[in-house]
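Geometric and topological summary
As a plain string of letters, each chain reads:
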Amino acid sequence: MVGLLARQDCCLSAQEIHQRLRRAGGDAGIASVYRALYLLHDMGLVQRVEFGDRGARFEPVVPGGEHHHHAVCDRCGRVTPFEDARLEKQLEQLAGNLKHSMSGHDLVIHGECRRCAGS
């Protein structure tokens, strides 16, 4: 499962991880997938990403703190990862203006993806 997560560009739900493991010939049950994900989370190796009522997703924690943010389509559920260096600098500046240390941050943009907006 760790190898599967490491090869992903973005986060996956426990159900998606379970399905991919089964397709690859694995026989772990969904409960075992959840237990492993929570253990990896407690160890700081994966992060849990919440998208509201769409449920939790998981992705590996990258050494050095590199990360991306997510845009979530409220119609189809598609998750699109994105990075923006200017945004990162602005968030650091905002934290400084607030006289607040920043150990991390999460950003999720909700709306419609290009496919759903065009239909």
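Our subject is the structure listed above.
The text that follows walks through the structure, step by step, so that each part is easy to find. (Residues numbered from 1 in each chain as written. Predicted model: local features only at pLDDT ≥ 70, side-chain atom pairs only at ≥ 80, totals over all residues. Heavy atoms only, no water.)

Some thoughts on the packing of aromatic side chains
As enumerated under the stated definition, the model contains two aromatic pairs in all. Here Y34 and Y38 contribute two aromatic rings whose centre-to-centre distance is 6.4 Å and whose plane-to-plane angle is 15°, an arrangement assigned as stacked. Of this pair, Y34 and Y38 both sit in helix α3 (residues 30-42), four residues apart, which is roughly one turn of the helix. According to the relative accessible area criterion, Y34 is partly exposed, its value standing at 28%. For the ring pair Y38 and F58, a centre distance of 5.9 Å and an interplane angle of 85° mean the geometry is edge-to-face. In this pair, Y38 sits in helix α3 while F58 sits in strand β2 (residues 56-60), placing the two residues 20 residues apart along the sequence. (Phe/Tyr/Trp six-rings, centres within 6.5 Å; stacked < 30°, edge-to-face > 60°. Helix = DSSP H or I, 4+ residues; strand = E, 2+ residues; numbered from the N terminus. Buried < 20%, exposed > 50% of the residue type's maximum accessible area, 1.4 Å probe, protein only.)

Section: a nonpolar patch on the surface
Taken together, the side chains of L39, M43 and L45 define a hydrophobic patch exposed on the protein surface, amounting to about 310 Å² of accessible area. Looking at the secondary structure, you find L39 in helix α3. (Patch = residues over 30% accessible without salt bridge, like charges linked within 9 Å, V, L, I, M, F, W, Y side chains within 5 Å. Areas by Shrake-Rupley, 256 points an atom, 1.4 Å probe, with all protein chains shown as cover. Salt bridge = Lys/Arg side-chain N within 4 Å of Asp/Glu carboxyl O.)

Focus on the sheet that holds strand β5 (residues 108-111)
In spatial order, the strands read β4-β3-β5; together these three strands make up an open sheet with mixed pairing. Each edge of the open sheet is held by one strand with a lone partner, namely β4 (79-82) and β5. Between one strand axis and the next, the sheet turns through 20° on average, direction left out of account. (Pairing = 2+ DSSP bridges. Axes fitted to C-alpha atoms, helices over the stretch in contact; angles between N-to-C directions.)

Here we look at the nonpolar core
Judged by nonpolar contacts, L4, L5, L12, A14, I17, V33, L37, L40, V46, A56 and F58 together constitute the single largest core of eleven residues. When residues of this core are traced back to their parent elements, those giving at least two are α1 (2-6), α2 (14-23), α3 and β2. Considering each element in turn, this core owes the most residues, three residues, to α3. Not counting chain neighbours up to four residues away, the residues in contact with L37 comprise M1, L5, A14, I17, V46 and F58. Counting six residues, the second-largest nonpolar core is a separate cluster that includes C10, C11, V49 and V79. (Core = buried A, V, L, I, M, F, W, Y, C linked by side-chain atoms within 4.5 Å. Contact = heavy atoms within 4.5 Å.)

Remarks on the packing of α2 against α3
Following both chains from N to C, one finds α2 and α3 inclined at 120°, their axes separated by 9 Å at the closest point. As summarised for this structure, α2 and α3 are arranged oblique, according to the angle between their axes. The crossing of α2 and α3 is right-handed. Packed against α2, whose contacting residues are A14, Q15, I17, H18 and L21, the element α3 presents I30, V33, Y34 and L37 at the interface. (Parallel < 35°, antiparallel > 145°, perpendicular 65-115°, else oblique. Left-handed = near helix turned anticlockwise from the far one by under 90°.)

That is the geometry; function is a separate question.
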